[in-house]
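Summary of structural features
One letter stands for each residue in the lines below.
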Amino acid sequence: MSSFSFDGQPVPLQPGDTILQAAQRAGHEVPHLCWHPEVSSSASCRVCTVRVDGRPAAACTTAAAAGQRVDCHTADLRAQRLHLLQMLFVEGNHFCPGCEKSGHCLLQHQAERAGMTDLHYETLNPERPVDASHPDVLFEPNRCILCQLCVRASDELDGKQVFAIGGHGIGAHLLIDSASGRLGDSALSVEDRAAHICPVGALLPKRVGFAVPIGRRTFDDEETRG
Ligand code: SF4
């Protein structure tokens, strides 16, 4: 079987593999935020950036090929990842101690894995209105990292297109397809995959928060192991 090198370790290839898919299947951790196995890849967060034969590339969309040399956990890539994560934290309001996604949050987990101990940048402190209009799902836009997972899940898995990204630059934001622009007037159902795929605490099913004891949350074990 053909293979490529991932941080010096041989990784077997299957036809159609991206670097991220093949490396994860072989047991390697590839840091990511906007990638999810159930939907297409967008390469928007850039947290999975690796070097392929010396050139930067998003591991989630780059095809794996025999003989490639892929570097993922080098000092420069770790530093770049840390700064990306710090920028995401200061752009929103990520007050983890009061967020019901704490311990289940992929952004928090990646920051922990990256050794993030401070924000480095000045906080922007956005004041976007929270949308609590839906009977079963809350939208807290100040935690949204624009990963587009809900956009792709609604389109590709639910067949609804409830979400889209609008605006440009720092004004980019999540749009909701309803006359009022509010979640309660959209076609979203709490049964939809889009209602559960958010990697952070932006889209949250109501009345189910803080249900898992600390120590048994999604990322507690890994963080304990370090
Ligand atoms: S609401 Fe969640 S899933 Fe949707 S774009 Fe924002 S962070 Fe991503």
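Going by the structure above, here's the rest.
**As for the sheet that holds strand β4 (residues 55–58)**
Across the sheet, five strands lie side by side as β2-β1-β5-β3-β4; this open sheet has mixed pairing. Where the open sheet ends on each side, the last strands, each with one partner, are β2 (9–12) and β4. Going from strand to strand, the sheet's axes swing by 35° on average, the running direction of each strand aside. Note: strand β1 (residues 3–6) against β2, four bridges, orientation antiparallel. In the sheet register, phenylalanine 6 faces β2, and the bridge partner there is glutamine 9. Sitting on the sheet, helix α2 (residues 75–91) touches β3 (49–52) and β5 (69–71), and the angle it makes with β3 is about 155°.

**Concerning the site of the ligand**
Around the ligand, 13 residues are found, and the nearest of them are Cys144, Cys147, Gln148, Cys150 and Cys198. The class makeup of the residues in the shell around the ligand is 12 nonpolar, one polar and no charged.

**Some words on unusual backbone geometry**
With glycine set apart, most residues show a phi of negative sign, and most peptide bonds adopt trans. In this model, histidine 120 sits at a positive phi of 65°, which is unusual for a non-glycine residue. Structurally, histidine 120 can be placed in the loop between α3 (106–113) and β6 (137–139). We classify histidine 120 as exposed; its relative accessible area is 53%. Despite not being glycine, glutamine 148 shows a phi value in the positive range, around 70°.

**Side note on the environment of glutamate 38**
One can find glutamate 38 in the loop between α1 (19–25) and β3. Judged by its relative accessible area of 37%, glutamate 38 is partly exposed. Sequence-wise, glutamate 38 and proline 129 are 91 residues apart; in three dimensions their C-alpha atoms are separated by 30 Å. What glutamate 38 contacts, discounting residues up to four positions off in sequence, is Leu157 and Arg193. Within the structure, the side chain of glutamate 38 is placed 2.7 Å from the side chain of arginine 193, a separation counted as a polar contact.

Cut-off values and rules
- Each chain carries its own residue numbering, running from 1 in the written order of its sequence.
- Only residues with pLDDT of 70 or above have their local features reported here, since the model is predicted, and side-chain atom pairs are shown and tallied only from 80 upward, although totals for entire chains, interfaces and linings are computed over all residues.
- Computation of side-chain values covers all heavy atoms of the structure but excludes hydrogens and water.
- Only strands joined by at least two bridges in the DSSP assignment are considered to pair.
- In DSSP terms, a helix is any run of H or I states spanning at least four residues, a strand is any run of E spanning at least two, and both are numbered starting from the N terminus.
- Orientation is described by lines fitted to C-alpha atoms, with helices fitted over the stretch in contact, and by angles between N-to-C directions that extend from 0 to 180 degrees.
- What makes two residues a contact is simply this: any of their non-hydrogen atoms within 4.5 Å.
- The nearness test applies per residue and asks whether one of its heavy atoms lies within 4 Å of the molecule or strand.
- Here the term charged refers only to Asp, Glu, Lys and Arg, the term nonpolar to Ala, Val, Leu, Ile, Met, Phe, Trp, Tyr, Cys and Pro, and the term polar to all other amino acids, Gly among them.
- Between buried and exposed lies partly exposed: a residue is buried under 20% and exposed over 50% of the maximum accessible area for its type, with that area taken using a 1.4 Å probe on protein chains only.
- Identification of polar contacts relies on pairs of N or O atoms within 3.5 Å, with a donor-acceptor requirement for protein atoms, meaning one able to donate a hydrogen and the other able to accept it, and with residues adjacent in sequence counted only if both atoms are side-chain atoms.

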